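Remarks on the overall topology
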Amino acid sequence: MRNSVILVDQIQRDLRDGRAPADAIVAATARRARPILLTAAAAICALVPLALSVFWGPMAIAIMGGLVVATALTLCFVPALYAAWTGVPRRVGTGRTAVAVLAAGQLQPGD
């Protein structure tokens, strides 16, 4: 939940800075992807020793699965839901993802 709130806040900051709505969503998602993935990976890795336990293992595996699903939802569903909720028009024919924008050098990770 915290990651989703931070992502939406970043989108709104980009909108206030004058970016186009579709660009603000892609840029904010690209900038927040690394911190979101790293915190989820750290939590998942911390649960690995517990997952090997007979008693606590099933709970640790369930938490790890929940973290994977929540991370995917945060990075894919939340930006799409924000765009649909606010009525952001589709950019037809661009076919560019946040990763492609970063790779092309059109957006720096610190932007």
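Here, every reference points to the structure presented above.
Attention here is on the structure that accompanies the text. Predicted model, so just to flag it, every value in this text is computed and none were measured.

Another aspect to go through is the packing of aromatic side chains. Evaluation of the coordinates by the stated rule reveals 1 aromatic pair. Measuring from ring centre to ring centre gives 4.9 Å for phenylalanine 55 and tryptophan 56, while their planes differ by 90 degrees; the resulting arrangement is edge-to-face. The exposure class of phenylalanine 55 is exposed, given its relative accessible area of 64%.

The interhelical angle for the contact between helix α1 (residues 2-16) and helix α3 (residues 57-86), taken along N-to-C directions, is 45 degrees, at an axis separation of 10 Å. The orientation of α1 with respect to α3, classified from their angle, is oblique. Crossing geometry of α1 relative to α3 is assigned as right-handed. Seen from α1, the contacting residues are Asn3, Ser4, Leu7, Val8, Ile11, Gln12 and Leu15; seen from α3, they are Thr74, Val78, Pro79 and Tyr82.

This part covers the side chain of serine 4. By the element assignment, serine 4 lies in helix α1. A relative accessible area of 15% places serine 4 in the buried class. Apart from residues no more than four positions distant in its own chain, serine 4 is found in contact with Thr74 and Val78.

A separate point is the nonpolar core. In terms of nonpolar packing, the biggest core is built from 9 residues, these being Leu7, Ile11, Ala22, Ile25, Ala28, Val78, Tyr82, Ala83 and Val88. Mapped by element, the contributors of at least two residues to this core are α1, α2 (21-51) and α3. The residues touching isoleucine 11, leaving out its near neighbours within four places in the chain, are Ala24, Ile25, Ala28 and Tyr82. One finds Ile44, Ala51, Ala60 and Met64 within the second-largest nonpolar core, a separate group that totals 5 residues.

Between the first and last C-alpha of α1 there are 21 Å, a value that for 15 residues agrees with the 21 Å anticipated at 1.5 Å per step. Looking at α1, one finds that the buried residues are Asn3, Ser4, Leu7, Gln10, Ile11 and Asp14. Angular distribution of buried residues about the axis of α1 spans 125 degrees; they occupy a single face of the element. Exposed residues lying more than 90 degrees from the buried face of α1 are Arg2, Val5 and Arg16. Residues of α1 that are buried make contact with α2 and α3. Glycine 18 sits one or two residues past α1 and shows a positive phi near 100 degrees.

Scoring rules and cut-offs
Residues numbered from 1 in each chain as written. Predicted model: local features only at pLDDT ≥ 70, side-chain atom pairs only at ≥ 80, totals over all residues. Heavy atoms only, no water. Phe/Tyr/Trp six-rings, centres within 6.5 Å; stacked < 30°, edge-to-face > 60°. Buried < 20%, exposed > 50% of the residue type's maximum accessible area, 1.4 Å probe, protein only. Axes fitted to C-alpha atoms, helices over the stretch in contact; angles between N-to-C directions. Helix = DSSP H or I, 4+ residues; strand = E, 2+ residues; numbered from the N terminus. Parallel < 35°, antiparallel > 145°, perpendicular 65-115°, else oblique. Left-handed = near helix turned anticlockwise from the far one by under 90°. Contact = heavy atoms within 4.5 Å. Core = buried A, V, L, I, M, F, W, Y, C linked by side-chain atoms within 4.5 Å. Expected span 1.5 Å × (residues − 1). Arc of directions from axis to C-beta.

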